[in-house]
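The primary structure of each chain is shown beneath.
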Amino acid sequence: MPIATPEVYNEMLDRAKAGKFAYPAINVTSSQTLHAALRGFAEAESDGIIQISTGGAEFLGGQHNKDMVVGAVALAEFAHIVAAKYDVTVALHTDHCPKDKLDGYVRPLIAVSEERVARGENPLFQSHMWDGSAETLADNLAIGQELLARAVAAKIILEVEITPTGGEEDGVSHEINDSLYTTVDDAIRTAEALGLGEKGRYLLAASFGNVHGVYKPGNVVLRPELLKELNEGVAAKYGRAADAKVFDFVFHGGSGSSEEEIRTALENGVVKMNIDTDTQYAFTRPVADHVLKNYDGVLKVDGEVGSKKTYDPRTWGKLAEAGMAARVLEACGHLRSAGNKIK
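## Overview of the pattern of salt bridges
If you walk through the whole model with that rule in mind, you get 21 salt bridges. A salt bridge links Lys272 to Glu159, with the shortest nitrogen-to-oxygen separation between them at 2.9 Å. One end of the pair, Lys272, is in strand S10 (residues 270–275); the other, Glu159, is in strand S5 (residues 157–161), with 113 residues separating them in the sequence. The class of Lys272 is buried, set by a relative accessible area of 0%. Glu159 sits in the buried class, given a relative accessible area of 0%. In this structure, a network of salt bridges that share partners links the residues Asp14, Lys17, Arg201 and Asp248.

As structure tokens, this is what we get:
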């Protein structure tokens, strides 16, 4: 069962919260980066999450048509086949989708899973993300309610981002400023609109200074301890125990974070951490090294013919896969998911 069923995905998230670990959520843009992520999970003996952003899906759809739905569906179907060769369980997820792309991405993908479930099959993706961080919180949560209801019917878990993550990803950008911190009031309003599980399970991307990309030390101030305040504030509002972890938190902008910041986030209910920038670099770095060291083989220099074995995409592609897999393996260690796969 390499691709999680809805029941197993829920079990994965429950195990992560109870065990205070999180799953690396690795963005992929090709069959090769998919294999790199799967390889990293397998070598770490960790389950994990594979995710496709709108830009990644557009790239996967091919530059002739740039069809996001075709790209996402094609890689998901491919993943269902090749993941069977890896002795881990993974969930398929779609990353950041803003309001102007919902009709061209998440809603059609939910429809695909609705049709599958109606036939007695499992959904194609196990979760989808609605990024309403550029909208007012009221509009964000209203759309979240609509999508959550459809997701539940299709046996899918919804991820919502209620306040901004800094930096830029796939055209969605926010300044790095004080608005990057979710308040207790924001969390309470979210619970009022989306419930605390009774209306369907959702993952919550709350902001604690998160920024997409990697920045030099001092440019980003993460406050993962804020997640504890959000849990406590909502728990008090709803009469739950003070130490109750009422939310399934997602850590966005995880690339470049310190181990101490990650540990604090795990202690406060993070069950999923997105990693993209670091794995992009880990994939590309070995390719650059290969080209620079073998430029006269990769290129036909001064009338020579180069070396087919050197510029063969399989040669540098294997190096790229190994580099990215190693970074995924490292992430599993940092997030404590290594060795915690479902048996």
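## Quick word on the packing of aromatic side chains
Aromatic ring pairs: the centre-centre distance and the angle between the two ring planes describe each pair. Inspection of the entire model under this criterion finds three aromatic pairs. A centroid spacing of 5.4 Å and a plane angle of 80° characterise the contact between Phe21 and Tyr23, whose relative ring orientation is edge-to-face. Among the residues examined, Tyr23 registers a relative accessible area of 0% and is labelled buried. An angle of 50° between the planes, with centres 5.6 Å apart, marks the rings of Phe247 and Phe249 as tilted. Overall, the relative accessible area of 0% leaves Phe249 in the buried class.

## Digging into the pairing of S10
Looking along a regular strand, one sees side chains alternate from face to face of the sheet. For S10, the tally of buried residues reaches six of six residues, placing the bulk of the element in the interior. Here strand S1 (residues 23–27) pairs with S10 via four bridges, running parallel. Bridged to Ala25 within S10 is Asn274. Where strand S9 (residues 248–251) lies against S10, three bridges are found, and the strand directions are parallel. Bridge pairing in S10 places Phe249 opposite Val270.

## Notes on the confidence of the model for the protein chain
Overall, the prediction assigns the protein chain a mean pLDDT of 93, with 92% of residues at 70 or greater. Ignoring residues within four places in sequence, the model shows residues 173–177, a span with pLDDT below 50, making 14 contacts including any to other chains.

## Quick notes on the sheet that holds S1
In spatial order, the strands read S1-S2-S3-S4-S5-S8-S9-S10; together these eight strands close into a barrel with parallel pairing. Taking each pair of neighbouring strands and ignoring which way they run, the sheet shows an average axis angle of 25°. Packing of helix H1 (residues 6–19) onto the sheet brings it into contact with S1, strand S2 (48–52), strand S3 (90–94), strand S4 (127–131), S5, strand S8 (202–205), S9 and S10, and relative to S1 it is tilted by some 125°.

## Here we look at helix H4 (residues 68–82)
Relative to the 21 Å expected for 15 residues at 1.5 Å per residue, H4 spans 21 Å between its end C-alpha atoms, a close match to the ideal helical length. Residues Met68, Val69, Gly71, Ala72, Leu75, Ala76, Ala79 and Val82 constitute the buried set of H4. Where H4 is buried, its residues touch helix H2 (31–44), S2, helix H3 (54–60), S3 and helix H5 (106–118). With a side-chain oxygen positioned 3.1 Å from the backbone nitrogen of Val69, the residue opening H4 is Asp67.

## Considering helix H13 (residues 313–334)
Counted at 1.5 Å a residue, the expected span for H13 with its 22 residues is 32 Å, and the 31 Å between its end C-alpha atoms agrees. Its buried side turned inward, H13 meets S1, H2, S10 and helix H10 (277–293). Looking one or two places after H13, you find Arg336, whose phi comes out positive at around 65°.

Parameters and conventions
Residues numbered from 1 in each chain as written. Predicted model: local features only at pLDDT ≥ 70, side-chain atom pairs only at ≥ 80, totals over all residues. Heavy atoms only, no water. Salt bridge = Lys/Arg side-chain N within 4 Å of Asp/Glu carboxyl O. Helix = DSSP H or I, 4+ residues; strand = E, 2+ residues; numbered from the N terminus. Buried < 20%, exposed > 50% of the residue type's maximum accessible area, 1.4 Å probe, protein only. Phe/Tyr/Trp six-rings, centres within 6.5 Å; stacked < 30°, edge-to-face > 60°. Pairing = 2+ DSSP bridges. pLDDT = per-residue confidence, 0-100. Contact = heavy atoms within 4.5 Å. Axes fitted to C-alpha atoms, helices over the stretch in contact; angles between N-to-C directions. Expected span 1.5 Å × (residues − 1). Polar contact = N/O pair within 3.5 Å; in protein donor to acceptor, adjacent residues only side chain to side chain.

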